[in-house]
Each structure stands twice: as structure tokens, then as C-alpha cells.
Number of protein chains: 2
Amino acid sequence: MKKLMRVFISAVIGLAGFGCAAQNVQRYGMVLGLKEEKIPEYTKIHADVWPGVLKLIKDCNIRNYSIYLHRLDDGRHYLFAYFEYTGKDFKADMDKMAEDETMKKWWEICEPMQIPVKNRQEGEWWAEMKEVFHTN
Amino acid sequence: MKKLMRVFISAVIGLAGFGCAAQNVQRYGMVLGLKEEKIPEYTKIHADVWPGVLKLIKDCNIRNYSIYLHRLDDGRHYLFAYFEYTGKDFKADMDKMAEDETMKKWWEICEPMQIPVKNRQEGEWWAEMKEVFHTN
């Protein structure tokens, strides 16, 4: 009985650990311009994002998603996003996101406030940046 | 016995969960310029950061630290850092980092490659950005 209990507890610890640490994660860093006159509105709506948008982000295997804002030396304002992808097919999940009616409406509000950077790749709105360093 | 076992297992799950999720975390997003001609060298040394620097980062309660690079529309290159702080006194940990001999040597190599942004706060090298959105 004691041995069984030990085995069971080990399994529980193992599963709990797997859920938060051993999962396969791809990190993404993205950049996008933000119109100066839209900063108050953009900040306001992002402090209270629609529940349907937050649910979709989760359903599309994105977690730990943050967006930062800063004005750089050219006088322009930029948004920097960091998030972690835990799914198996990033493109398929992004397609799913793009087809969602709630997300389409959200993007219709956000996109006129934003200015994509010139050197983004074809098909990108947010430009994916190059990761040059990571430590856990 | 069964009841005791259930209590014990609940405690184990609780502790395991606490270790990875319930910890108090402060997120940071930082920005800094990088000289174009220094990109190859900066990228190279950051692909193989000194073990003493990595150990110090951990000892100073910083985890999940990533740096991204991108050229923006002004033709300049910028570094964007994201990390999580799990300690209780950020300033004290940053002071500890700044006093470390290995870190001083590392910064002596990195800083001549970098260009801090003009609107950084007093005492900053990397400028802290404003978080406008986060979801777990």
C-alpha cells in the first residue's frame, strides 16, 4: 500500500510538473507602430480586452502574452509584443484566429490605430523580430 | 487512511502548482538601440553567454529572459528585452548585478555596441517600456 501510494504521488507530481514546465513552447517577439493620437484609446481598450478575444487567444494556444509601448528616437510610438505558443501548428492556429468573427471585429478597431513597420514579411501585420538571446 | 491520502495528495498538488504558477512575478519590457556594424558580434556573443552571467541572472531572480532584434523604419536597429522578476526587491537585485565583477566585464563588452534611447529615465541604460496589455 505504501509503495502504491509513493508511485501514485510521484505520478501526480510528474503530471503537475509537466503541465507548467516540460511543455514545448515557442516564443515570439513582434513589433508594430502605433499612431500617437490613438494611444489613449488603444491603451484603454487593451486594459479591458473583450472576453471573447481573450478566450480565442487561449484556444489558439497562446499564453503569457504582453504588449509594451514606447516612443523611440524617431518620435514614433511602437508596440512590442511577447507571447508563448504551446500548440503544434502555429499557422493553423493563426488561421483559426483570423477566421473568428469576434477577432475580426476586434482587429477592425485596432488596425486603423496601428502602422505596420516597412520591413515586415509578406502577410505580416505585426513584424516578427529575431530572437538573439534566451535564458530560462 | 484513504482520507489522509487524499489530504496528502491535495497538498502535493497544491505545492507543485505553487512552484510554477502562483509565484509573484513582475514582467519587464525594455528597449535599447544596437549599432548596425555590431550586429554580428552582438548576436555571436549572445548565442553563447558566459556561464557566470547566466548564473548571476538566475541568482538575481530573473527568469524567462529573451532579447529580440529588429530594424525599424528610421533605419536603426533596436533590441527588445522581455524578462520576469520573481524576487522581492528589484532594485537590490539590480544593484547586486551591477556590483558583480563578471557582469561588469560583460557590460564593458556590450555597452559600446549599444545606443540607449533618448527618452530613458535617469539611471537607465535599457529604457523600461509601459505594459499596455497582458493575459496569462
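1. Description of the nonpolar core
The tendency in soluble globular proteins is for nonpolar side chains to be buried side by side.
Phase 1: The biggest cluster of nonpolar side chains holds 28 residues, and the ones touching the most others in it are Tyr 42, Ile 57, Tyr 65, Ile 67, Leu 79 and Trp 126 of chain B.
Phase 2: If you list the elements that add at least two residues to this core, you get β6 (130-135) of chain A together with β1 (26-34), α2 (39-46), α3 (51-59), β2 (62-71), β3 (77-85) and α5 (101-110) of chain B.
Phase 3: Among all residues touching Tyr 42 of chain B, those that are not within four sequence positions of it are Val 132 of chain A together with Leu 34, Ile 67, Leu 79, Cys 110, Met 113, Gln 114 and Trp 126 of chain B.

2. A closer look at the packing of α2 of chain B against α5 of chain B
The relative placement of two packed helices comes down to the angle between their axes together with the axis-to-axis distance.
All names here are of chain B.
Phase 1: At a minimum axis separation of 11 Å, α2 and α5 run at an interaxial angle of 155 degrees. By the angle between their axes, α2 is roughly antiparallel relative to α5. Seen from α2, the contacting residues are Tyr 42, Ile 45 and His 46; seen from α5, they are Trp 106, Ile 109 and Cys 110.

3. Observations regarding α3 of chain B
Phase 1: What α3 of chain B keeps buried is the set Val 53, Leu 56 and Ile 57 of chain B. Within α3 of chain B, the buried residues cover an arc of 105 degrees as seen down the axis, which keeps them to one side. Opposite the buried face of α3 of chain B, at more than 90 degrees from it, the exposed residues are Pro 51 and Lys 55 of chain B.
Phase 2: Buried positions along α3 of chain B lie against β6 of chain A together with β2, α4 (90-99) and α5 of chain B.
Phase 3: The first or second residue beyond α3 of chain B is Asn 61 of chain B, which carries a positive phi of 70 degrees.

4. Focus on the packing of helix α3 (residues 51-59) of chain A against helix α5 (residues 101-110) of chain A
Residues and elements named next belong to chain A.
Phase 1: Their axes nearest at 9 Å, the elements α3 and α5 cross at an angle of 115 degrees. With respect to the hand of their crossing, α3 and α5 are arranged in left-handed fashion. Of α5, the residues touching α3 (which contributes Gly 52, Val 53, Leu 56 and Ile 57) are Thr 102, Met 103 and Trp 106.
Phase 2: Among the residues forming the contact of α3 with α5, the class breakdown is five nonpolar, two polar and no charged.

5. Focus on the interface of chain B and chain A
Phase 1: Contact with chain B, which involves 52 residues of that partner, is made by 52 residues of chain A.
Phase 2: Buried surface at the junction of chain B and chain A, summed over both partners, amounts to about 4700 Å²; 64% is from carbon and sulfur atoms.
Phase 3: Summed over the three residues of chain B that lose the most area to chain A, namely Tyr 68, Asp 73 and Phe 133 of chain B, the buried surface amounts to 17% of that side.
Phase 4: For the pair chain B and chain A, the interface holds two salt bridges.
Phase 5: Between Arg 76 of chain A and Asp 73 of chain B there is a salt bridge, with the nearest N and O atoms lying 3.2 Å from each other.
Phase 6: On the surface where chain B and chain A come into contact, there are 30 residue pairs in polar contact (both at pLDDT 80 or more).
Phase 7: Looking at the side of chain B that touches chain A residue by residue, the classes come out as 30 nonpolar, ten polar and twelve charged.
Phase 8: In this structure, β6 of chain A lies alongside β2 of chain B, joined through five bridges in antiparallel fashion.

6. Brief notes about the relation of the copies chain B and chain A
Phase 1: When chain B is fitted to chain A, the best match, at an RMSD of 0.0 Å, comes from turning it 180 degrees and sliding it 0.0 Å along the axis. Interpreted geometrically, this transformation is the action of a two-fold axis.
Phase 2: The overlap is high: 100% of the interface residues of chain B also sit at the interface in chain A, so the same surface is used on both sides.

7. Some remarks on the pattern of salt bridges
Residues and elements named next belong to chain A.
Phase 1: Scanning the entire structure with this criterion turns up twelve salt bridges over all chains.
Phase 2: Residue Lys 104 is joined to Glu 101 by a salt bridge in which the shortest nitrogen-to-oxygen separation is 3.3 Å. Residue Lys 104 and its partner Glu 101 are both found in helix α5; the two are separated by three residues, about one turn of the helix.
Phase 3: In this structure Lys 104 comes out as partly exposed when scored by relative accessible area, which is 35%.

8. Quick word on empty space enclosed by the protein
Phase 1: The final tally for this structure, using the stated rule, is one cavity of 30 Å³ or more.
Phase 2: In terms of lining residues, the largest cavity is bounded by Gly 29, Tyr 68, Phe 80, Ala 81, Tyr 82 and Met 129 of chain A together with Gly 29, Tyr 68, Phe 80, Ala 81, Tyr 82 and Met 129 of chain B.
Phase 3: At the level of secondary structure, the elements contributing two or more residues to the lining of the largest cavity comprise β3 (77-85) of chain A together with β3 of chain B.
Phase 4: Looking at side-chain class alone, the lining of the largest cavity contains ten nonpolar, two polar and no charged residues.

9. Some words on the pairing of β1 of chain B
Where a strand is regular, its side chains alternate between the two sheet faces.
Residue and element names in this part refer to chain B.
Phase 1: For β1, the tally of buried residues reaches seven of nine residues, placing the bulk of the element in the interior.
Phase 2: Where β1 meets β3, nine bridges bridge the pair, whose relative direction is antiparallel. What sits directly across from Leu 32, in β3, is Leu 79.
Phase 3: Examined bridge by bridge, β1 and strand β4 (residues 114-115) share two bridges and lie antiparallel to one another. Each bridged residue has a counterpart across the sheet, and for Leu 34 the counterpart in β4 is Gln 114.

The rules we used
- Residues numbered from 1 in each chain as written.
- Chains lettered and ligands numbered in written order.
- Predicted model: local features only at pLDDT ≥ 70, side-chain atom pairs only at ≥ 80, totals over all residues.
- Heavy atoms only, no water.
- Core = buried A, V, L, I, M, F, W, Y, C linked by side-chain atoms within 4.5 Å.
- Buried < 20%, exposed > 50% of the residue type's maximum accessible area, 1.4 Å probe, protein only.
- Helix = DSSP H or I, 4+ residues; strand = E, 2+ residues; numbered from the N terminus.
- Contact = heavy atoms within 4.5 Å.
- Axes fitted to C-alpha atoms, helices over the stretch in contact; angles between N-to-C directions.
- Parallel < 35°, antiparallel > 145°, perpendicular 65-115°, else oblique.
- Arc of directions from axis to C-beta.
- Left-handed = near helix turned anticlockwise from the far one by under 90°.
- Nonpolar A, V, L, I, M, F, W, Y, C, P; charged D, E, K, R; others polar.
- Buried area = accessible area lost by both parts, 1.4 Å probe.
- Salt bridge = Lys/Arg side-chain N within 4 Å of Asp/Glu carboxyl O.
- Polar contact = N/O pair within 3.5 Å; in protein donor to acceptor, adjacent residues only side chain to side chain.
- Pairing = 2+ DSSP bridges.
- Least-squares fit on C-alpha atoms with pLDDT ≥ 70 in both.
- 1 Å grid on protein atoms, 1.4 Å probe; cavity = no way out; pocket = protein on both sides within 12 Å on 5 of 7 lines; lining within 4 Å.
- Points joined across faces, edges and corners; volume = space filled by probe spheres on them.

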